[in-house]
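Spelled out, the chains give:
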Amino acid sequence: MKFGPIPIETAEGAVLAHSTTAGERRFRKAHRLSAEDVALLRAAGISEVVAAVLAVDDLGEDAAAQTIAESMTFRGIEVRPAATGRVNLHAKAPGIFTVDAAVIDAINAIDPAITIATLAQHAPVEKGQMVATVKIIPFAVSSALVDAATKICAAGEIFAVNAYRPVRVGVIQTVLPGIKPSVLDKTLRVTEARLARTGGRLTAERRTPHEIAQVAEATASLARDNDMVVIFGASAMSDFADVIPAAIEKAGGAVIRAGMPVDPGNLLVLGTLDGKRIIGAPGCARSPKENGFDWVLDRLIAGLDVTARDIAAMGVGGLLMEIPTRPQPREPLSAKSQLKVGIVLLAAGRSSRMGGPNKLLALFDGKPLVRRTAERALGSKASGTVIVTGHQRERVRAALAGLDVTFADNPDFAEGLSTSLKAGIAYLPEDSACVMIVLGDMPDITSDDLDRLIDAFRKAGGNAVVRASHDGKRGNPVLLPRSLFPAIAHLEGDTGARHLVETEGLDVIDVEIGAAASVDVDTREALEGAGGVLQD
């Protein structure tokens with residue numbers, strides 16, 4: 001392949017390196033020029049273009065990427081169509097990703113033109129998540145290089161998503177004097193949530209004294225009817241002959257490994273009994289936060305073996321305690337803790353089209369509109385509500401007295417919508433996965449409507465924009481993922497986030513919620529028609 005400026009007379013078949021305009025016609029980057037295209041460019045006075053000219057044995061970027069991807073052997077993964085020299089591969093089901101790093105390294109060593117990137121070894125993945133991507137850097141690549149890559153791919157399985165299995169798990173909790181039943185009850189709830197995310201099921205629980213014989217008997221009993229047994233000790237393991245490892249051996253099992261180089265998670269015990277895995281959970285497993293227990297549990301549920309050598313190799317990357325956030329949060333699947341959604345309710349405007357009265361203070365069924373909207377926000381699955389005030393801030397705050405909301409004052413409200421967006425987002429907690437922008441003047445929006453939007457955001461994995469819609473037309477509210485926050489910080493004037501949605505390249509999900517998505521009350525007629533009564 002040759003790359004550089006070429007005369008327009010010899011450009012037929014070349015691939016444009018840059019977008020080029022000829023009159024009203026615009027040719028995109030990577031467009032392959034036809035004879036007709038060349039004629040249009042020449043007529044527009046263009047004498048040369050910067051382009052790539054393919055050799056006889058070259059493969060175009062899409063064809064090369066597709067050929068390499070389709071030559072791979074993998075499990076639980078689907079190949080998406082090539083575009084712009086890239087083929088993405090996605091998980092068919094939730095599970096644990098495994099990869100042959102040596103094969104990936106060998107392909108990436110062929111030539112810089114051919115690249116493959118994957119998730120990390122043993123990364124947990126959700127259904128539909130991208131796990132690998134094949135990217136051809138130039139517009140074309142020699143077929144000989146592609147053949148070299150496909151030859152390596154033919155050696156065997158390169159990567160896989162090992163799907164979670166519906167395992168049955170029995171739980172034992174040992175008891176010592178002074179341990180509160182509420183602690184044991186919470187541990188059970190956290191464990192059920194952990195298993196739920198992988199399709200596992202907690203089938204039985206036994207509470208025993210913290211003694212070897214009783215724990216051994218309970219272990220043997222639960223192992224007969226379950227695929228796995230998890231033991232939570234009332235006292236942390238302090239020796240390799242302590243209660244939990246000793247109980248596994250007394251029950252007739254074997255201890256594979258006691259202790260692991262993952263923090264938190266050091267005091268995990270892994271054993272086996274009659275082909276069933278027995279896990280002595282570290283104390284940190286009583287918390288939903290990610291720890292070494294998750295690493296072992298998820299792999300076992302995905303059908304992967306975990307050996308003493310595997311655990312010994314977990315030290316690099318095993319320091320979790322100083323990492324404030326993880327790319328795959330390990331939280332119970334309760335509506336208020338998974339992918340936290342913060343609401344910013346905009347209530348700073350001047351209601352200029354009302355000719356005087358503040359529409360947010362209009363009464364609907366005897367209640368100020370802004371309070372009605374705030375109460376519905378508080379009744380949703382959102383983790384918190386920030387209300388941005390500006391115009392008549394004291395009156396608006398008085399209408400919201402007693403509600404569990406956070407106020408964000410916007411002294412620059414007269415400068416436009418962007419100032420209120422930025423003021424509200426600044427008050428969101430750092431662990432908010434997104435912001436839901438709710439307008440204060442939408443009387444028909446309900447808590448259920450907001451929950452449908454939140455559910456759609458979570459189902460999409462937290463990386464998409466979600467908009468309310470009605471009859472195919474976009475409306476409000478809208479959810480914006482955290483990845484857009486830096487761009488919002490640069491908005492100016494009376495500009496909302498709509499153009500960011502259109503230019504940032506994120507997936508957009510429209511959720512039909514009915515007429516409530518488009519009913520606002522900007523005018524006196526609209527407000528009164530919706531059932532409101534203006535107040536002076």
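Our structure's up above, just so we're on the same page.
Engineer: Describe the overall build of the protein chain, naming the residues involved and giving the relevant values.
Structural biologist: Counting secondary structure elements, the protein chain contains 16 helices and 30 strands. Dimensions of the protein chain, computed from C-alpha atoms along their principal axes, come out at roughly 85 × 80 × 35 Å. Residue burial in the protein chain is summarised as follows: out of 536 residues, 47% are buried. Pairs at least 24 apart in sequence give 69% of the contacts found in the protein chain among residues at least 6 apart.

Engineer: Report on the sheet that holds strand 2 (residues 15-16), specifying residues and quantitative values.
Structural biologist: Adjacent strands of a sheet form backbone hydrogen bonds with each other and so pair up, either parallel or antiparallel. The three strands lie next to each other as 1-5-2, forming an open sheet whose pairing is antiparallel. The open sheet terminates on both sides in strands that have one partner only, identified here as strand 1 (2-7) and strand 2. Bridge count between strand 2 and strand 5 (residues 48-53): two bridges; the pairing is antiparallel. Residue Val 15 lies in a different strand from strand 5, and its bridge partner there is Ala 52.

Engineer: Quick rundown of the sheet that holds strand 18 (residues 228-232)? Include the residues and the values.
Structural biologist: Spatially, 17-16-18-21-20-19 is the arrangement adopted by the six strands of the open sheet, whose pairing is mixed. The open sheet has two edge strands with one neighbour each: strand 17 (201-209) and strand 19 (254-258). For this sheet, the mean inter-axis angle between neighbouring strands, taken without regard to orientation, is 20°. Sheet topology note: the strand 19/strand 20 (residues 269-273) ladder contains four bridges and is antiparallel. Within strand 20, the position partnered with Arg 257 by the bridge is Leu 270. Relative to strand 17, helix 5 (residues 181-196) is tilted by about 155°, and along the sheet it contacts strand 16 (168-175), strand 17 and strand 18. Strand contacts of helix 8 (residues 292-301): strand 18, strand 20 and strand 21 (276-281), with the helix running at about 165° to strand 21, the strand carrying the most contacts.

Engineer: Describe the packing of helix 3 (residues 101-108) against helix 4 (residues 143-153), listing the residues and the values that go with them.
Structural biologist: Look at helix 3 against helix 4: their axes get within 9 Å of each other, and the N-to-C directions meet at 170°. Between helix 3 and helix 4, the angle is such that the two are roughly antiparallel. For the pair formed by helix 3 and helix 4, the contact residues are Val 103, Ala 106 and Ile 107 on the first element and Ala 149, Ile 152 and Cys 153 on the second.

Engineer: Pulling in residues and values, what's your account of the nonpolar core?
Structural biologist: Val 370, Met 436 and Leu 479 are the most contacted members of the largest nonpolar core, which has 34 residues in total. Every element with two or more residues in this core is listed here: strand 22 (341-347), helix 10 (369-378), helix 11 (393-399), strand 27 (434-439), helix 13 (447-459) and strand 28 (465-470). The element that contributes the greatest number of residues to this core is helix 13, accounting for five residues. Residues Tyr 164, Leu 188, Ala 281 and Leu 304 belong to the second largest nonpolar core, which totals 30 residues.

Engineer: So what's going on with unusual backbone geometry? Residues and values would help.
Structural biologist: At the junction of Asp 263 and Pro 264, the peptide bond is cis and its omega measures out at 5° in the coordinates. Within the element layout of this structure, Pro 264 appears in the loop between strand 19 and strand 20. Phi is positive for His 122, which is not a glycine, with a value near 65°. Counting through the fold element by element, His 122 comes out in the loop between strand 11 (114-118) and strand 12 (124-125). Looking at His 122, the relative accessible area reads 27%, which means it is partly exposed.

Engineer: Residues and numbers for the pattern of salt bridges, please.
Structural biologist: Counting across every chain of the model gives 20 salt bridges. Note that Asp 37 is salt-bridged to Arg 25, the shortest N-O span being 3.8 Å. Residue Asp 37 is found in helix 1 (residues 35-43), and its partner Arg 25 is found in strand 4 (residues 25-27); the two are separated by twelve residues along the sequence. The class of Asp 37 is buried, set by a relative accessible area of 4%. Put simply, Glu 217 and Arg 206 hold a salt bridge, and the shortest N to O gap is 2.7 Å. In this pair, Glu 217 is assigned in helix 6 (residues 212-225) and Arg 206 in strand 17, connecting sequence segments eleven residues apart. Within the structure, one salt-bridge network assembled from shared partners comprises Arg 194, Arg 197, Asp 294 and Asp 298.

Engineer: A description of the packing of aromatic side chains should follow, citing residues and the corresponding values.
Structural biologist: Aromatic rings in a pair are described by how distant their centres are and how their planes are angled relative to each other. Under the definition given, this model contains three aromatic pairs. Residues Phe 74 and Phe 159 carry aromatic rings whose centres are separated by 6.1 Å and whose planes lie at 25° to one another, so their mutual orientation is stacked. Of the two residues, Phe 74 is situated in strand 7 (residues 73-75) and Phe 159 in strand 15 (residues 157-163); the sequence distance between them amounts to 85 residues. For Phe 74, a relative accessible area of 23% translates into the label partly exposed. Measuring from ring centre to ring centre gives 6.4 Å for Phe 232 and Phe 293, while their planes differ by 65°; the resulting arrangement is edge-to-face. Here the residue Phe 232 occupies a position in strand 18, and Phe 293 occupies one in helix 8, the gap between them amounting to 61 residues. A relative accessible area of 2% places Phe 293 in the buried class. Through pairs of rings, three or more aromatic residues link up here, namely Phe 74, Phe 97 and Phe 159.

Engineer: An account of the side chain of Asp 294 is needed here, citing residue identities and associated values.
Structural biologist: Tracing the chain through its elements places Asp 294 in helix 8. A relative accessible area of 0% places Asp 294 in the buried class. Of the polar contacts made by the side chain of Asp 294, one reaches the side chain of Arg 197; its length is 2.8 Å.

Engineer: Report on the environment of Ala 497, specifying residues and quantitative values.
Structural biologist: Its location among the elements puts Ala 497 in the loop between helix 14 (485-488) and helix 15 (498-503). Taking the relative accessible area as the measure of exposure, Ala 497 reaches 14% and is therefore buried. Sequence-wise, Ala 497 and Ser 418 are 79 residues apart; in three dimensions their C-alpha atoms are separated by 8.1 Å. Apart from the residues lying within four places of it in its own chain, the contact partners of Ala 497 are Leu 421, Leu 480 and Leu 491.

Engineer: Any chance you could break down the pairing of strand 29 (residues 473-481) for me, citing the residues and the numbers?
Structural biologist: As paired elements, strand 27 and strand 29 share four bridges and run antiparallel to each other. Bridging across to strand 29, Met 436 finds its partner in Leu 479. Bridge analysis of strand 28 against strand 29 gives four bridges, and the strand direction is antiparallel. Directly across from Arg 467, in strand 29, lies its bridge partner Val 478. In sequence, strand 28 turns back onto strand 29 through a hairpin of two residues, with Asp 471 there showing a positive phi of about 55°.

Thresholds, definitions, all that
Just so you know, the residues in each chain are numbered from 1, in the order the chain's sequence is written. Two thresholds apply to this predicted model, a pLDDT of at least 70 for residue-level local features and 80 or more for giving and counting side-chain atom pairs, whereas whole-chain, interface and lining totals are computed over all residues. Derived side-chain values reflect all non-hydrogen atoms in the structure, with water molecules and hydrogen atoms excluded from consideration. Strands are runs of DSSP state E lasting at least two residues, helices are runs of H or I lasting at least four, and both sets are numbered from the N terminus onward. Exposure categories follow from relative accessible area, calculated using a 1.4 Å probe and restricted to protein chains: below 20% of the type maximum is buried, above 50% is exposed, and the middle band is partly exposed. Contacts between residues were defined by any pair of non-hydrogen atoms, one from each residue, lying within 4.5 Å. When DSSP locates at least two bridges between a pair of strands, those strands are taken to pair. Axes here refer to lines fitted to C-alpha atoms; in helices the fit is confined to the stretch in contact. Angles between the N-to-C directions go from 0 to 180 degrees. Just so you know how the angles are binned, under 35 degrees is roughly parallel, over 145 roughly antiparallel, 65 to 115 roughly perpendicular, and the rest oblique. Here, nonpolar core means buried Ala, Val, Leu, Ile, Met, Phe, Trp, Tyr and Cys residues that are tied together by side-chain atoms lying within 4.5 Å of each other. When a carboxyl oxygen of Asp or Glu is within 4 Å of a side-chain nitrogen of Lys or Arg, the pair counts as a salt bridge. Note on aromatic pairs: the rings of Phe, Tyr and Trp (six-membered ring only in Trp) are paired at centre separations within 6.5 Å, and the planes decide the class, stacked below 30 degrees, edge-to-face beyond 60, tilted for the rest. Here a polar contact is recorded for every N or O atom pair within 3.5 Å, except that within protein the pair must consist of a potential hydrogen donor and a potential acceptor, and residues adjacent in sequence are included only if both atoms are side-chain atoms.

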